[in-house]
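Okay, here's what each chain looks like letter by letter:
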Amino acid sequence: NGAGSIAHEFFHSIDNRLAKKCGHNETLYSELTKKPDHIDITHRLDAFNKITSHCIDKNSQYYNRALSIDGQKGTKKYWSLPSELIARAFEAYIQDRTEGMNISNQWLSFGTKESDHRYDMHPYPIGDERIFLNSLFNSELQQLFAAI
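### What to know about the overall build of the chain
Line of reasoning, step 1. A count of helices and strands for the chain gives five helices and zero strands.
Line of reasoning, step 2. Counting from the amino terminus, the chain carries its helices and strands in the arrangement α-α-α-α-α.
Line of reasoning, step 3. For the chain, the residues scored as buried account for 43% of the 148 residues in total.
Line of reasoning, step 4. The contacts of the chain with a sequence gap of at least 6 include a subset with a gap of at least 24, amounting to 58%.
Line of reasoning, step 5. Carbon and sulfur atoms make up 53% of the accessible area of the chain, which amounts to about 8,400 Å² in all.

### Overview of the nonpolar core
Line of reasoning, step 1. Judged by nonpolar contacts, the single largest core of 25 residues is most densely connected at Phe11, Leu18, Ile51, Cys55, Phe90, Phe137 and Leu144.
Line of reasoning, step 2. Contributions of two or more residues to this core are made by α1 (6–21), α2 (46–55), α3 (61–70), α4 (82–100) and α5 (127–147).
Line of reasoning, step 3. In terms of residues, this core owes the most to one element, α4, which gives seven residues.

### Regarding the packing of α4 against α5
Line of reasoning, step 1. One way to put it is that α4 packs onto α5 with a least axis distance of 10 Å and a crossing angle of 85°. Here α4 lies roughly perpendicular to α5, going by the angle between them. Residues Ile86, Ala89, Phe90, Ala92, Tyr93, Asp96 and Arg97 of α4 pack against Arg130, Leu133, Asn134, Phe137, Asn138 and Leu141 of α5.
Line of reasoning, step 2. Looking at the contact of α4 with α5 residue by residue, the classes come out as eight nonpolar, two polar and three charged.

### Brief notes about the pattern of salt bridges
Line of reasoning, step 1. Enumeration according to the criterion identifies four salt bridges in this entry.
Line of reasoning, step 2. In this structure, the salt-bridge partner of Arg130 is Asp96, at a minimum N-O distance of 2.7 Å. Highlighted residues: Arg130 in helix α5 and Asp96 in helix α4, separated in sequence by 34 residues.
Line of reasoning, step 3. Residue class for Asp96 comes out buried when judged on its relative accessible area of 19%.
Line of reasoning, step 4. The partner of Glu99 in a salt bridge is Lys113, with the nearest N and O atoms 3.1 Å apart. Remark: Lys113 occurs in the loop between α4 and α5 and Glu99 occurs in helix α4; sequence separation between them is 14 residues.
Line of reasoning, step 5. Among the ionic contacts, a cluster of salt bridges with common partners joins Asp96, Glu99, Lys113 and Arg130.

### Details of the packing of α2 against α4
Line of reasoning, step 1. Between α2 and α4, the shortest axis-to-axis distance is 9 Å and the interhelical angle comes to 100°. When the interaxial angle is binned, α2 and α4 end up roughly perpendicular. Residues Phe48, Ile51, Thr52 and Cys55 of α2 lie in contact with α4, whose contacting residues are Leu85, Ile86 and Ala89.
Line of reasoning, step 2. Class assignment for the residues of the contact of α2 with α4 results in six nonpolar, one polar and no charged.

### Let's talk about the environment of Arg17
Line of reasoning, step 1. Tracing the sequence through the fold places Arg17 in helix α1.
Line of reasoning, step 2. Expressed as a C-alpha distance, the spacing of Arg17 and Ile148, which sit 131 residues apart in the sequence, is 6.4 Å.

### Structural notes on unusual backbone geometry
Line of reasoning, step 1. Of note, the phi angle at Asn102 is positive, near 60°, even though the residue is not glycine.
Line of reasoning, step 2. Within the secondary structure layout, Asn102 lies in the loop between α4 and α5.
Line of reasoning, step 3. Given the relative accessible area of 75%, Asn102 is considered exposed.

Cut-offs applied
Residues numbered from 1 in each chain as written. Predicted model: local features only at pLDDT ≥ 70, side-chain atom pairs only at ≥ 80, totals over all residues. Heavy atoms only, no water. Helix = DSSP H or I, 4+ residues; strand = E, 2+ residues; numbered from the N terminus. Buried < 20%, exposed > 50% of the residue type's maximum accessible area, 1.4 Å probe, protein only. Contact = heavy atoms within 4.5 Å. Areas by Shrake-Rupley, 256 points an atom, 1.4 Å probe, with all protein chains shown as cover. Core = buried A, V, L, I, M, F, W, Y, C linked by side-chain atoms within 4.5 Å. Axes fitted to C-alpha atoms, helices over the stretch in contact; angles between N-to-C directions. Parallel < 35°, antiparallel > 145°, perpendicular 65-115°, else oblique. Nonpolar A, V, L, I, M, F, W, Y, C, P; charged D, E, K, R; others polar. Salt bridge = Lys/Arg side-chain N within 4 Å of Asp/Glu carboxyl O.

What follows is the structure, given as structure tokens:
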């Protein structure tokens, strides 16, 4: 539904690759975030588990805004899917990191800032949750990439 972003789709590919490493090969597009109850989280997946658990925290404002967007008339459940929450959090992280290096690329990541959406309709992490998730990505990405 739109141009999308490379960062967002890249995280879906990480999710897919980790699912396949865990033996979920039943479909071409199998996501680890869709099968959290059927996964043995080994030490190799600790980073993925940490990031995912914070992205799908049902007590977070990020998750609850996504539920609110899903609840609008005429929308289907999409925004609160675990795979979409984590991909959008990664997309926001990438936009913040690249902007911190004075790089702006609308194809890589775009439109994730707090000013890009109304607060109640904001589909990306914002405020303290965004700061926390960004620090989590900073600390866990090396281990996450080593697992794939």
